[in-house]
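One letter stands for each residue in the lines below.
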Amino acid sequence: MHMNGYRCIACAEAQATNFAGFVCPCCGGNLEITYDYAAIAKDVAGGFGDGQTDLFRYAPLLPVKETAAPFPLLVGGTPMYASPRLGESLGLRNLYLKDDTANPSASTKDRASAVALRRAMDIDAKVVSVASTGNAGSSLACLAAALGLRAVVFVPEDAPVAKLTQALSFGATVLAVRGNYDDAFDLCLAASEEFGWFNRSTGYNPFTREGKKTCAYEIWESLDGRVPDRIVVPAGDGNLLSGIWKGWCDLRAVGLVDRVPKIDCAQSDASAAICLAVRRIHDMGESNPDWSTIVIDEVKASTAADSISVDRPRDGLAAVKSILQSGGETVTVPDEEILAAIPEMARTTGIFAEPAAAAPWAAVKQMVRDDKIEADELVVCIVSGSGLKDIANIRKTVGTPVIIDPSIDAIKNASVA
Ligand SMILES: Cc1ncc(COP(=O)(O)O)c(C=O)c1O
Ligand SMILES: [Zn+2]
């Protein structure tokens, strides 16, 4: 393992590899995992993984022991599709969709859960916990079941029923907290400390970002080593976004790429804490402020895109830094446009996204309207979760089927033949 410690995202204070906490002991900031990139560069010079297709093919760039048994489910290795017809609808000639709905629990969260669970096993943890809007919980439950570990999942009471049902089916203890995601997060933190559980909660646990970053490596490999101009990422806590940026920074640090993409942040305008923070820093005329002084203001989130409905982004600072360092855009879109993007994507590409996962396409449309994307740019949208996870909201945009009697005449009368 080439991990060589931790560094605080806010105050840059370093910790050794054997540090047992999750957040910076000096300022409480989130940590990032650091590596010996020179050693990794030697390991990966000949490529990754030797035929292995899951995300552990990138083991030299992951904070896990390399001796472990193969992971029981295939996490990562998801397809990326060129989407010419969807792109052409806006005059874009190089649009791609990274289909992370193809993960075991049908969301990108499996990347973070897989790496966090491998870490939990490396340190002999017996019970794993998570706070979740729904997907992280169903993901942890799924992968913990495959590994034979016990999972405790904290969700807001109104989490979509499909996500709760997944977690329950996988045998997790599911605690639906009277309150929102932020309440569930705080309770999971307190309970994990009290009972000694390994807390996989997004952002707070630095291993989650390490899982998410593998999405960047896969995009790079799918493009045969080309680098996109921009990657459009939905953001709630901001961990997926900061993970994807870290992935590109890793590739650059080991000499596999010499340029990196812009990382654009797609949020609902009803849950936009990260975009608002970036805009405030821009307004101050800063692009590289003293990060230890940056405060991300809370919002009162109320978006229908439940996976990105977050008052207080738990990896907000890392996300803000990633957007500013990459030169990405902040794009806020109304919920109606997010919901409308779902059937548009589905009808043109065959990919069925949940609301949060359609936010990047809605954001691309907004950027085109604002003249922020050129026709030839290579743009990748991250499709982070399956539409099957939130049928109730999606149904509002596609309506119901035509109900007919079982006869040919009924088809003729319905004018569909
Ligand atoms: C489908 C989906 N998309 C996007 C996100 C946003 O990820 P993050 O909270 O790391 O910003 C989530 C998080 O739950 C998700 O489930
Ligand atoms: Zn710190």
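Just so you know, the residues in each chain are numbered from 1, in the order the chain's sequence is written. In the order they appear in the text, chains get letters beginning with A and ligands get numbers beginning with 1. In keeping with the model being predicted, local features are shown solely for residues with a pLDDT of at least 70 and side-chain atom pairs are shown and tallied solely at 80 or more, while totals for entire chains, interfaces and linings include all residues. As a convention, hydrogens and water are excluded, and side-chain values are obtained from all of the structure's heavy atoms.

Chemist: Quick one: what's the story with the pairing of strand S10 (residues 230–234), residue by residue and with numbers?
Modeler: Here's how the labels work: a residue is buried when its accessible area is under 20% of the maximum for its type, exposed when over 50%, partly exposed in between, all with a 1.4 Å probe on protein chains only. Each helix is a run of H or I in the DSSP string that is no shorter than four residues. Each strand is a run of E no shorter than two, and both are numbered from the N terminus. When you tally the buried positions in S10, you get 5 out of 5 residues, the bulk of the element. Relative to strand S11 (residues 262–268), S10 is paired through 5 bridges, and the arrangement is parallel. The residue bridging Ile231 from the neighbouring strand is Ile263, located in S11. Each parallel crossover has a hand, and for S10 linked through helix H9 (residues 239–253) to S11 it is right-handed. If DSSP finds at least two bridges between two strands, the strands pair. By the criterion used throughout, a crossover qualifies as right-handed when its path from the first strand across the helix to the second strand runs clockwise, the strands pointing away from the viewer.

Chemist: Would you mind going over the coordination of the zinc ion (ligand 2) in detail, with residue names and values included?
Modeler: Every protein donor of the zinc ion (ligand 2) is listed here as Cys8 (SG), Cys11 (SG), Cys24 (SG) and Cys27 (SG), and their distances to the metal cover 2.3 to 2.4 Å. Note that water is not among the atoms considered, so a metal site may appear incomplete; the donors listed are N, O and S atoms within 2.8 Å of the metal, with 3.2 Å applied to Na, K and Ca. Read from N- to C-terminus, the donor residues coordinating the zinc ion (ligand 2) fall into the pattern C-x2-C-x12-C-x2-C. The exposure class assigned to Cys8 is buried, which follows from its relative accessible area of 2%.

Chemist: Run through the side chain of Asn135, naming residues and quoting values.
Modeler: Its location among the elements puts Asn135 in helix H4 (residues 135–147). Of the residues examined, Asn135 reaches a relative accessible area of 4% and is grouped as buried. Residue contacts for Asn135: discarding those within four places in its chain leaves Ser107, Lys109, Lys163, Ser307, Glu354 and Lys389. In this analysis, two residues are considered to be in contact whenever any of their non-hydrogen atoms come within 4.5 Å of each other.

Chemist: Before we move on, can you summarise helix H12 (residues 335–349) with the specific residues and values?
Modeler: In a helix, the anticipated span is given by 1.5 Å times the number of residues less one. In this model H12 runs 21 Å from its N-terminal to its C-terminal C-alpha over 15 residues, within 8% of the 21 Å that 1.5 Å per residue would give. Within H12, the full set of buried residues consists of Asp335, Ile338, Leu339, Ala341, Ile342, Pro343 and Met345. Looking at the residues trailing H12, positive phi occurs at Gly350, about 80°.

Chemist: Any chance you could break down the sheet that holds strand S7 (residues 150–156) for me, citing the residues and the numbers?
Modeler: Across the sheet, 4 strands lie side by side as S8-S7-S6-S9; this open sheet has parallel pairing. Both outer strands of the open sheet, strand S8 (173–177) and strand S9 (198–199), are each paired with one neighbouring strand and no more. Of the pairings in the sheet, the one linking strand S6 (residues 127–131) to S9 comprises 2 bridges and is parallel in character. Residue pairing in the sheet places Ser129 in a bridge with Asn199 of S9. The angle between two axes is taken between their N-to-C directions and runs from 0 to 180 degrees, where each axis is a line fitted to C-alpha atoms and a helix contributes only its stretch in contact. Sitting on the sheet, H4 touches S6 and S7, and the angle it makes with S6 is about 165°.

Chemist: A description of H9 should follow, citing residues and the corresponding values.
Modeler: Between its first and last C-alpha atoms H9 spans 20 Å; for 15 residues at 1.5 Å apiece the expected length is 21 Å, and the two agree. Within H9, 12 of the 15 residues are buried, which leaves it mostly tucked inside the rest of the structure. Positive backbone phi, at 80°, marks Gly255, one or two positions downstream of H9.

Chemist: Lay out the sheet that holds strand S4 (residues 80–82) in plain terms, naming residues and giving numbers.
Modeler: Strand order in the open sheet formed by 6 strands is S4-S5-S13-S10-S11-S12, with mixed pairing between adjacent strands. The open sheet has two edge strands, S4 and strand S12 (330–333), and neither has a second partner. In this sheet, neighbouring strand axes are inclined to one another by 25° on average, regardless of whether the strands run parallel or antiparallel. In the packing of helix H13 (residues 355–369) onto the sheet, the strands contacted are strand S5 (94–99), S10, S11, S12 and strand S13 (378–383), and the crossing angle to S10 comes to about 130°.

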